[in-house]
Amino acid sequence: MIELVDIAWRVGEFSLSGLNCVVPEGKYSVLMGNTGCGKSTVVELICGLREPLSGQLLIGGEEVTLKPPGERNIGYVPQDGALFPTMTVSEQIGFGLKIRRRAEAEIEKAVSTLARELGLEKLLNRMPDGLSGGERQRVALGRALAVQPKVLLLDEPLSALDEDARDEMVDLLKRIQIEHSVTVLHVTHSSREAEQLADVVLRMEGGKIRVVE
Amino acid sequence: MAYESRIVTSILRALLGIVTRRNSRFWSLLVFVTAGYLLFIISMLWATATYSSPSDYFEALNSREIQHSVFLSLLTCSLTALLSLLLAVPIGYLLARKDFRGKALVESALDIPIVLPPMVIGLCLLILFQTRLGGLVDSVIPFTYTVFGVVLAQLVIGAAFAIRTMRGTFTQLSQRPEDVAMTLGCSRGSAMWRVALPAAGKGMVAAGSVAWARSLGEFGPVMVFAGSTRMKTEVLATTVWLELSVGELEAAVAVSLLMVFFAMVVLVAMRLAGERW
């Protein structure tokens, strides 16, 4: 579960206060809202990439407001995947475990399991430059899942994909959420994505987040 | 001769190609201006290269003093390029990634060495090392009129160009991958080290090359702050001046051509690195 309690922040001229929201445990939640309403900033706050001016942030009941991003037990997939430009697919997926100083054998095993699950076996030695949009997003997803996060934060993960790749990713995301029993917060402005994926739909409007269904 | 004419012909052919493909007066005019300017540069280099015979040049370059100057130039320029990078990477990263009050002022201040007349930089260095603090530093590491002084004088300008290049490089690189690395357990420093720096490799080659090339041609600050003592602080740029001042035109031309060669090597290295600066 993710809880935002009376969160306030300011980015340049844009500021918000008194933001409250609960993302339920083990569900696929979709956060919708118009462009520029602050959806991505909410994700960055949960990731710890931005610091709130005030308020509390809890993940799995534990307060993480002041914790660095790497200690929040989260997985983050930004819009374009944001792959590491100089690493192979295999290195990208194993990155989080390498940072956590896990044994080489454990990293290899995790990489091959995720590669099989995400259909990336043939791409493990490829660099990000030659990958398609869908492949990039699957690598980004594998990289986030490798550290077995409690929460998966997806910031418009399908917006840069063509229709076929998008449908494939929708199926994959739903399957991953169930198989990994992970809490997902998926940010989008597409109501079609919400229909296809959401257990819970949240809408951000006028600086507040409310549950739609 | 055949080689040089081939270069000129290929450049002209490339330019004329534009005109035939887009048969308009507008493009013809632009091609005319570009060709005129290129012809001027090529004529300049051509005239210098053919001023005397290759055997005369090799004879001039055989002198012990000039060889020492070549060695010292290569050594000091390489040291300066390395030190410039050590300054440019953290400063460039700070400017590209962090917004802070007074940033525009800091950026302008970092450009001061680029806009100051080179002689003035030499004079400022000389005066700085006349102050109490400067004197103290000088008593530990002697800079004034030494090889260390040559490097410091080159560094003031070389680093300013390297900082500009690195700032541009980091600005072009998206911050997102570093953000993701942080969510995977990296600190900001480790994300920079593991993600941003490997991706900025080409930019670092470009920054190092531009610092190296600027240092090679640095004359004013080196002359004023480190002097041009033969076999001690004489570098290629000061050699040209020293040889000219004693009427040794062949030697001055030989050294100039050597500098042109080094500059070309750097230009090719930068082209290969694929970065604009």
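Residues numbered from 1 in each chain as written. Chains lettered and ligands numbered in written order. Predicted model: local features only at pLDDT ≥ 70, side-chain atom pairs only at ≥ 80, totals over all residues. Heavy atoms only, no water.

1. Quick notes on the overall build of chain B
Note the following rule: Working definition: helices are DSSP H or I runs of at least four residues, strands are E runs of at least two. Numbering for both runs from the N terminus. Three labels apply to residues, based on accessible area from a 1.4 Å probe with only protein chains included: buried if under 20% of the type maximum, exposed if over 50%, partly exposed otherwise in between. Between two residues, a contact is recorded if the distance between any of their heavy atoms is within 4.5 Å. His is not counted here, nor are the chain ends, while Lys and Arg score as positive and Asp and Glu score as negative. In plain terms, the charge of a residue is placed at NZ if it is Lys, CZ if Arg, CG if Asp and CD if Glu.
Within chain B, the regular secondary structure consists of 15 helices and zero strands. C-alpha atoms of chain B, sized along the principal axes, occupy 60 × 60 × 30 Å. The buried share of chain B, taken over its 277 residues, is 42%. The long-range fraction of contacts in chain B, counting pairs at least 24 apart against all pairs at least 6 apart in sequence, stands at 71%. Both charge centroids of chain B, one from 22 positive and one from 16 negative side chains, sit 15 Å from each other.

2. As for the overall build of chain A
So the rule is basically this: C-alpha atoms define the radius of gyration, and 2.2 Å times the number of residues to the power 0.38 defines the globule rule.
Within chain A, the secondary structure is distributed over six helices and 10 strands. Against the 2.2 N^0.38 benchmark of 17 Å for 213 residues, chain A shows a C-alpha radius of gyration of 17 Å, consistent with a compact globule. When its C-alpha atoms are laid out on the principal axes, chain A stretches across 45 × 40 × 30 Å. Expressed as a percentage of the 213 residues in chain A, the buried residues total 54%. Long-range pairs, those at least 24 residues apart, make up 70% of the contacts in chain A between residues at least 6 apart in sequence.

3. Looking at the domain arrangement of chain B
The condition is simple: Each domain's extent is set by a domain assignment, obtained either automatically or from a database.
As far as domains go, chain B holds domain 1 (2-49) and domain 2 (54-273). Domain 1 of chain B and domain 2 of chain B are separated by 32 Å when their C-alpha centres are compared.

4. Quick look at the pattern of salt bridges
The line we're drawing: Salt bridges are identified by distance alone: a Lys or Arg side-chain nitrogen within 4 Å of an Asp or Glu carboxyl oxygen.
Scanning the entire structure with this criterion turns up 18 salt bridges over all chains. With a shortest N-O distance of 3.4 Å, Arg166 of chain A and Glu193 of chain A are connected by a salt bridge. Here the residue Arg166 of chain A occupies a position in helix H5 (residues 163-179), and Glu193 of chain A occupies one in helix H6 (residues 191-197), the gap between them amounting to 27 residues. For the pair shown, Arg166 of chain A and Glu193 of chain A are each scored as buried. A network of salt bridges, in which partner residues are shared, links Glu44 and Arg50 of chain A together with Arg97, Arg176, Glu178, Asp179 and Arg188 of chain B.

5. Let's talk about the sheet that holds strand E8 (residues 183-188) of chain A
Residue and element names in this part refer to chain A. For the record, the criterion: A pair of strands is treated as paired once DSSP finds two or more bridges between them. Each axis is a line fitted through C-alpha atoms, taken for helices only over the stretch in contact, and angles between the N-to-C directions span 0 to 180 degrees.
Taken in spatial order, the six strands make up an open sheet running E6-E7-E8-E3-E9-E10, and their pairing is mixed. Among the strands making up the open sheet, the edge pair consists of strand E6 (74-77) and strand E10 (208-211). Looking at each pair of strands side by side, their axes are set apart by 20° on average, direction ignored. Direction of pairing for strand E3 (residues 28-32) relative to strand E9 (residues 200-205): parallel, over a ladder of four bridges. Its bridge partner lying in E9, Ser29 is registered against Val200.

6. Observations regarding the packing of helix H4 (residues 64-97) of chain B against helix H15 (residues 249-273) of chain B
All names here are of chain B. Basically, it comes down to this: Roughly parallel here means an angle under 35 degrees, roughly antiparallel means over 145, roughly perpendicular means 65 to 115, and every remaining angle is called oblique. Two helices crossing with the near one rotated counterclockwise from the far one by less than a right angle form a left-handed crossing, whereas a clockwise rotation gives a right-handed crossing. When residue character is reported, Ala, Val, Leu, Ile, Met, Phe, Trp, Tyr, Cys and Pro are called nonpolar, Asp, Glu, Lys and Arg charged, and the others, Gly included, polar.
Running from amino to carboxyl end, H4 crosses H15 at an angle of 25°, the nearest separation of the two axes being 12 Å. Here H4 is positioned roughly parallel relative to H15, judged by the angle of their axes. Taken as a pair, H4 and H15 cross one another with a handedness that is right-handed. Of the residues in H15, those in contact with Ile66, Val70 and Leu74 of H4 are Ala251, Val255, Leu258 and Phe262. Each residue belonging to the contact of H4 with H15 can be placed in one class, and the counts come to seven nonpolar, no polar and no charged.

7. Observations concerning helix H14 (residues 236-245) of chain B
Residue and element names in this part refer to chain B. Taking burial as the measure, the 10 residues of H14 include seven buried ones, the bulk of the element. Taken together, the buried positions of H14 are occupied by Leu236, Ala237, Thr238, Thr239, Val240, Leu242 and Glu243. Contacts made by the buried residues of H14 are with H4, helix H12 (201-217), helix H13 (220-226) and H15. Gly247 sits one or two residues past H14 and shows a positive phi near 80°.

8. A few points about the sheet that holds strand E4 (residues 54-59) of chain A
All names here are of chain A. Taking strand neighbours across the sheet as the criterion, the four strands line up as E2-E1-E4-E5 in an open arrangement whose pairing is antiparallel. Where the open sheet ends on each side, the last strands, each with one partner, are strand E2 (14-23) and strand E5 (62-63). Running over the sheet, helix H1 (residues 39-47) touches strand E1 (2-11), E2 and E4 and is turned about 115° from E1.

9. Considering the interface of chain B and chain A
For clarity, the cut-off: As a working definition, buried area equals the accessible area (1.4 Å probe) given up by two parts on being put together, with both sides summed. For this analysis, a polar contact is any N or O atom pair within 3.5 Å, provided that within protein one partner can donate a hydrogen and the other can accept it, and provided that sequence-adjacent residues contribute only side-chain to side-chain pairs.
Listed as interface residues are 14 residues of chain B and, on the opposing side, 20 residues of chain A. For the pairing of chain B and chain A, the buried interface totals around 1,600 Å² over both sides, and the portion due to carbon and sulfur atoms is 72%. Three residues, Arg176, Thr183 and Leu184 of chain B, lead the burial of chain B against chain A; their summed loss comes to 43% of the area buried on that side. At the surface where chain B touches chain A, the tally comes to one salt bridge. The closest approach of N and O atoms between Arg176 of chain B and Glu44 of chain A, which form a salt bridge, is 2.4 Å. Inspection of the region where chain B meets chain A yields four residue pairs in polar contact (both at pLDDT 80 or more). At the level of elements, helix H10 (176-183) and helix H11 (188-199) of chain B are the ones that each hand at least two residues to the side of chain B that touches chain A. By residue number, the principal contributor to the side of chain B that touches chain A is H10 of chain B, which donates seven residues. Of the residues in the side of chain B that touches chain A, the class split is nine nonpolar, two polar and three charged.

10. A short note on the confidence of the model for chain B
To keep things clear, this is the line we draw: A residue's pLDDT is the predictor's confidence in that residue, given on a scale from 0 to 100.
Model confidence for chain B is summarised by a mean pLDDT of 90, while 95% of its residues fall at 70 or above. Per-residue pLDDT, averaged within each element of chain B, yields its smallest value for helix H1 (residues 2-21) of chain B (70) and its largest for H10 of chain B (97).

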